[in-house]
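So you can see what is in the structure, the chains are spelled out below.
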Amino acid sequence: MLYLYTGTDRMKARAALSAARAKLTPGVSVIHITDIHTIEDLDAALAGGGMFVGVRAVVLDGIFDREEMRERIVEQLECIASASDHFFMYTEKLDATTRRQLEKHTARSEQFDLPKKADKSSSIFALGSALRARKKKDLWVSYQRELAADTAPEAIHGVLFWAAKQM
């Protein structure tokens, strides 16, 4: 079985991967391959455990960062999907064609992305800018936004004090 985890939120993706791997029976051996391993290590992990090894969990972490490893995985994709071992893949970014190829063969695919960053105007320093520009409405809106975001009162005071000194 093949499980795919992608996205820019590494903490959540790796936590979901670890939780899925932990659900396997306790006697499962775990093999962890990253982008710093060699192609031979990857080939050995993909080849299977052999006759005397039971079901394995193979974690492929960030291997799509290296082109030769990505090609090897795409070549072996059907063998990976039909294997009795459990394959867990994590990568931050995938191109569209590779994603489509992988999702055809995955049992489960999850994406974890960080929220988009806020504008510069929504930072705490917008308070100081509004105070120095003497824009009452912008000052009030920025102040309310910081209160809603549970910003520490000391930080709000510090920025307003700093802006008043600059005036």
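Preceding block: the structure.
The rules behind the values
- Residues numbered from 1 in each chain as written.
- Predicted model: local features only at pLDDT ≥ 70, side-chain atom pairs only at ≥ 80, totals over all residues.
- Heavy atoms only, no water.
- Salt bridge = Lys/Arg side-chain N within 4 Å of Asp/Glu carboxyl O.
- Helix = DSSP H or I, 4+ residues; strand = E, 2+ residues; numbered from the N terminus.
- Buried < 20%, exposed > 50% of the residue type's maximum accessible area, 1.4 Å probe, protein only.
- Phe/Tyr/Trp six-rings, centres within 6.5 Å; stacked < 30°, edge-to-face > 60°.
- Pairing = 2+ DSSP bridges.
- Axes fitted to C-alpha atoms, helices over the stretch in contact; angles between N-to-C directions.
- Contact = heavy atoms within 4.5 Å.

Colleague: Quick one: what's the story with the pattern of salt bridges, residue by residue and with numbers?
Modeller: The tally for this structure, following the rule as stated, stands at 10 salt bridges. Across the salt bridge formed by Arg 10 and Glu 92, the nearest N and O atoms sit 2.5 Å from each other. In this pair, Arg 10 sits in helix α1 (residues 10–22) while Glu 92 sits in the loop between β4 (86–91) and α5 (96–105), placing the two residues 82 residues apart along the sequence. By relative accessible area, which is 25% here, Glu 92 ends up partly exposed. A salt bridge links Arg 72 to Glu 75; the nearest nitrogen and oxygen atoms lie 3.9 Å apart. Separated by three residues within a single helix, Arg 72 and Glu 75 lie in helix α3 (residues 67–75), roughly one turn from each other. The class for Glu 75 is exposed, based on a relative accessible area of 58%. The network of salt bridges with common partners includes Asp 43, Arg 72 and Glu 75.

Colleague: Could you give an account of the packing of aromatic side chains, with specific residues and numbers?
Modeller: If you walk through the whole model with that rule in mind, you get three aromatic pairs. Ring plane angle 80° and centroid distance 6.4 Å describe the contact between Phe 125 and Trp 162, whose orientation is recorded as edge-to-face. Of this pair, Phe 125 sits in helix α6 (residues 125–132) while Trp 162 sits in helix α8 (residues 153–166), and the two are 37 residues apart along the sequence. Looking at Trp 162, the relative accessible area reads 36%, which means it is partly exposed. Between Trp 140 and Tyr 143, the aromatic rings sit 5.9 Å apart at their centres with planes inclined by 40°, giving tilted as the arrangement. Residue Trp 140 and its partner Tyr 143 are both found in helix α7 (residues 136–148); the two are separated by three residues, about one turn of the helix. Its relative accessible area of 53% is what places Trp 140 among the exposed residues.

Colleague: Which residues make up the sheet that holds strand β1 (residues 2–6), and what values go with them?
Modeller: The five strands lie next to each other as β2-β3-β4-β1-β5, forming an open sheet whose pairing is parallel. Across the chains shown, the open sheet's two edge strands, defined by having one partner strand only, are β2 (29–34) and β5 (108–111). Direction aside, neighbouring strands of the sheet carry axes that sit 15° apart on average. Both β2 and strand β3 (residues 56–61) contribute to a ladder of six bridges, which runs parallel. Along β3, the bridge assignment pairs Val 30 with Ala 57. Where α5 meets the sheet, it contacts β1, β4 and β5, and its direction lies at approximately 140° from that of β1.

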